[in-house]
Amino acid sequence: MHSLQVPPSAPTILLTGATGTVGQALAQTLAERGIAFRALVRQPGAPATQRLAAIAGAEVVPGDFDDPASLQRALTGIERAFLLTNSTEQAEAQQLRFVELARQAGVPHLVKLSQWAADAASPVRFLRYHATVEQAIRAAGLTFTFLRPNLFMQGLLAFKGSIQAQGQFFAPIGEARISVIDVRDIAAVAAAALTEPGHENQTYNLTGPAALTHAEMAAHLAAAVGYPVTFVDVAPAALRGYLAEAGFPEWQAEGLLEDYAHYHRGEAAVVAAGVQQATGQPPRDFVAFARDYAPAFR
Ligand SMILES: NC(=O)c1ccc[n+]([C@@H]2O[C@H](COP(=O)([O-])OP(=O)(O)OC[C@H]3O[C@@H](n4cnc5c(N)ncnc54)[C@H](OP(=O)(O)O)[C@@H]3O)[C@@H](O)[C@H]2O)c1
């Protein structure tokens, strides 16, 4: 008797940005639910790609947003695609190219990682390009789900060095409150939109359950890690100098400064119900984030 070897069917979900902060959490969430996916990666040998390739149900395909032929190959046979790039000067053109190629390939549904307060008239360049891409997806006639998360709690990991060495992290943000969100909840919403009905043509504003100051976040983090952590408010010029020294491209550095000014004005303090609406679960609070990530700061 020969057993019949049925090849596993090709995934119908495509992830972009799957080696990044949100994408890794999304890949993990899909894997936990036993859902196969294809992931476009530009660095096949990178450790993050290798971790991704080791996930059961992951089909890793090489590609780059700047290589249209690779996008066409990756989009073949796809029913729902998750669109994410980081916010660089190329992001708008890269995402618009992806949208057009998805339309040409007949991909019915795009799930786009956008940003809280995306608006074509925003003074924040990141919020303008996200709004432009959202509009292009609508204009292309594609079914969409737009995820507009607020500032990521996991952004604090970028300050791991100064938190460990000096017990401090920095931002030009003052006493502003921000309804920060755990990336794992963004991933849960994305997974729902990619795998369930009911998220068609929805825009989800995604926040955590409370708006916190950075000083309050520092206090929660200190309690979780067991050593003093304080937040230091700095002038925008100081951040500009730091980013220039770190070699940040000017476009991105100015965008970050615009982003921080938007937070400083209190424009990201509203608590929204998007996570609950999309997943039926409340979002994680900052205390849970601090507890779960404390080992990373020790
Ligand atoms: N940080 C926040 O607090 C926040 C808040 C709201 C919204 N957002 C939005 O979140 C997005 C960033 O998400 P993230 O933090 O998860 O990003 P990330 O960690 O910087 O990851 C970016 C991903 O995009 C991939 N990528 C970049 N350029 C590419 C190219 N040319 N071709 C193929 N792949 C490419 C990267 O691949 P490699 O691994 O090869 O680099 C990586 O997988 C931005 O759109 C931002 O506006 C951020």
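All values reported here derive from a predicted model rather than from experimental measurement. (Residues numbered from 1 in each chain as written. Predicted model: local features only at pLDDT ≥ 70, side-chain atom pairs only at ≥ 80, totals over all residues. Heavy atoms only, no water.)

### Thoughts on the overall build of the protein chain
Okay, so step 1: Across its full length, the protein chain holds 12 helices and 9 strands.
Okay, so step 2: Whereas a compact globule of 298 residues would reach a radius of gyration of roughly 19 Å, the protein chain reaches 20 Å, a difference of no more than 12%.
Okay, so step 3: By principal-axis analysis of the C-alpha atoms, the protein chain measures approximately 65 × 45 × 35 Å.
Okay, so step 4: Here the protein chain holds 298 residues, and 49% of them are scored as buried.
Okay, so step 5: When contacts within the protein chain are restricted to residue pairs at least 6 apart in sequence, those whose partners lie at least 24 apart make up 76%. (Helix = DSSP H or I, 4+ residues; strand = E, 2+ residues; numbered from the N terminus. Rg over C-alpha atoms; globule rule 2.2 N^0.38 Å. Buried < 20%, exposed > 50% of the residue type's maximum accessible area, 1.4 Å probe, protein only. Contact = heavy atoms within 4.5 Å.)

### So, the confidence of the model for the protein chain
Okay, so step 1: Model confidence for the protein chain is summarised by a mean pLDDT of 96, while 97% of its residues fall at 70 or above.
Okay, so step 2: Overall, residues 1-7 carries pLDDT values under 50, and its contacts beyond four positions in sequence, including any with other chains, amount to 0 contacts. (pLDDT = per-residue confidence, 0-100.)

### Concerning the site of the ligand
Okay, so step 1: For the ligand, the set of nearby residues contains 24 residues, the closest of which are Thr 19, Val 22, Arg 42, Gln 43 and His 130.
Okay, so step 2: For the ligand, an oxygen atom lies 2.8 Å from a polar atom in the side chain of His 130.
Okay, so step 3: Protein contact buries 83% of the 940 Å² of open area that the ligand shows by itself.
Okay, so step 4: At the level of secondary structure, the elements contributing two or more residues to the shell around the ligand comprise helix 1 (21-32) and helix 5 (125-139).
Okay, so step 5: Its residues placed into classes, the shell around the ligand shows 9 nonpolar, 13 polar and 2 charged. (Near = heavy atom within 4 Å. Polar contact = N/O pair within 3.5 Å; in protein donor to acceptor, adjacent residues only side chain to side chain. Areas by Shrake-Rupley, 256 points an atom, 1.4 Å probe, with all protein chains shown as cover. Nonpolar A, V, L, I, M, F, W, Y, C, P; charged D, E, K, R; others polar.)

### Let's talk about the packing of helix 5 against helix 10 (residues 250-264)
Okay, so step 1: At a closest axis distance of 7 Å, the pairing of helix 5 and helix 10 adopts a crossing angle of 95°. Compared by their axis directions, helix 5 and helix 10 come out roughly perpendicular. Contact residues: Arg 125, Phe 126, Leu 127 and Tyr 129 in helix 5; Trp 251, Gln 252, Glu 254, Gly 255, Leu 256, Glu 258, Asp 259 and His 262 in helix 10.
Okay, so step 2: Its residues placed into classes, the contact of helix 5 with helix 10 shows 5 nonpolar, 3 polar and 4 charged. (Axes fitted to C-alpha atoms, helices over the stretch in contact; angles between N-to-C directions. Parallel < 35°, antiparallel > 145°, perpendicular 65-115°, else oblique.)

### Considering the packing of aromatic side chains
Okay, so step 1: Scanning the model with the defined rule gives 8 aromatic pairs in all.
Okay, so step 2: An angle of 75° between the planes, with centres 6.3 Å apart, marks the rings of Tyr 260 and Tyr 263 as edge-to-face. Linking Tyr 260 with Tyr 263, this pair stays in helix 10, spanning 3 residues, or about one helical turn. A single burial state applies to Tyr 260 and to Tyr 263, both of which are buried.
Okay, so step 3: Seen in terms of ring centroids, Phe 286 and Phe 289 are 5.3 Å apart; in terms of plane orientation they differ by 50°. Their pairing is tilted. Of this pair, Phe 286 and Phe 289 both sit in helix 12 (residues 286-297), 3 residues apart, which is roughly one turn of that helix. One exposure class covers both Phe 286 and Phe 289, and it is buried.
Okay, so step 4: Taken together, the ring pairs in this structure connect Phe 159, Phe 169 and Phe 231 into an aromatic cluster.
Okay, so step 5: In this structure, Arg 125 is placed above the aromatic ring of Trp 251, and the distance from its NZ or CZ to the ring centre is 5.5 Å. (Phe/Tyr/Trp six-rings, centres within 6.5 Å; stacked < 30°, edge-to-face > 60°. Lys NZ or Arg CZ within 6 Å of the ring centre and 35° of its normal.)

### Let's talk about the nonpolar core
Okay, so step 1: Core analysis: the largest hydrophobic core is formed by 32 residues, its most contacted members being Leu 15, Leu 26, Phe 37, Phe 82 and Leu 147.
Okay, so step 2: Every element with two or more residues in this core is listed here: strand 1 (13-15), helix 1, strand 2 (37-41), strand 5 (109-113), helix 7 (183-195), strand 8 (202-206) and helix 11 (274-279).
Okay, so step 3: Ranked by residues supplied to this core, first place goes to helix 7 with 8 residues.
Okay, so step 4: Other than its neighbours up to four places away in sequence, Leu 26 contacts Leu 15, Phe 82, Ala 187, Ala 190, Ala 191 and Leu 194.
Okay, so step 5: Residues Leu 156, Leu 243, Leu 257 and Ala 268 belong to the second largest nonpolar core, which totals 30 residues. (Core = buried A, V, L, I, M, F, W, Y, C linked by side-chain atoms within 4.5 Å.)

### Focus on the sheet that holds strand 3 (residues 58-62)
Okay, so step 1: Across the sheet, which stays open at both edges, the 7 strands sit in the order 3-2-1-4-5-6-8 with parallel pairing between neighbours. With one partner strand each, in any of the chains shown, strand 3 and strand 8 form the two edges of the open sheet. Within this sheet the neighbouring strands show an average axis-to-axis angle of 20°, counted without direction.
Okay, so step 2: Judged from the 5 bridges that link them, strand 2 and strand 3 form a sheet pairing that is parallel. Residue pairing in the sheet places Ala 39 in a bridge with Val 60 of strand 3.
Okay, so step 3: Of the strands in this sheet, strand 1, strand 2, strand 3 and strand 4 (80-83) touch helix 3 (residues 68-75), which is tilted by about 170° from strand 2. (Pairing = 2+ DSSP bridges.)

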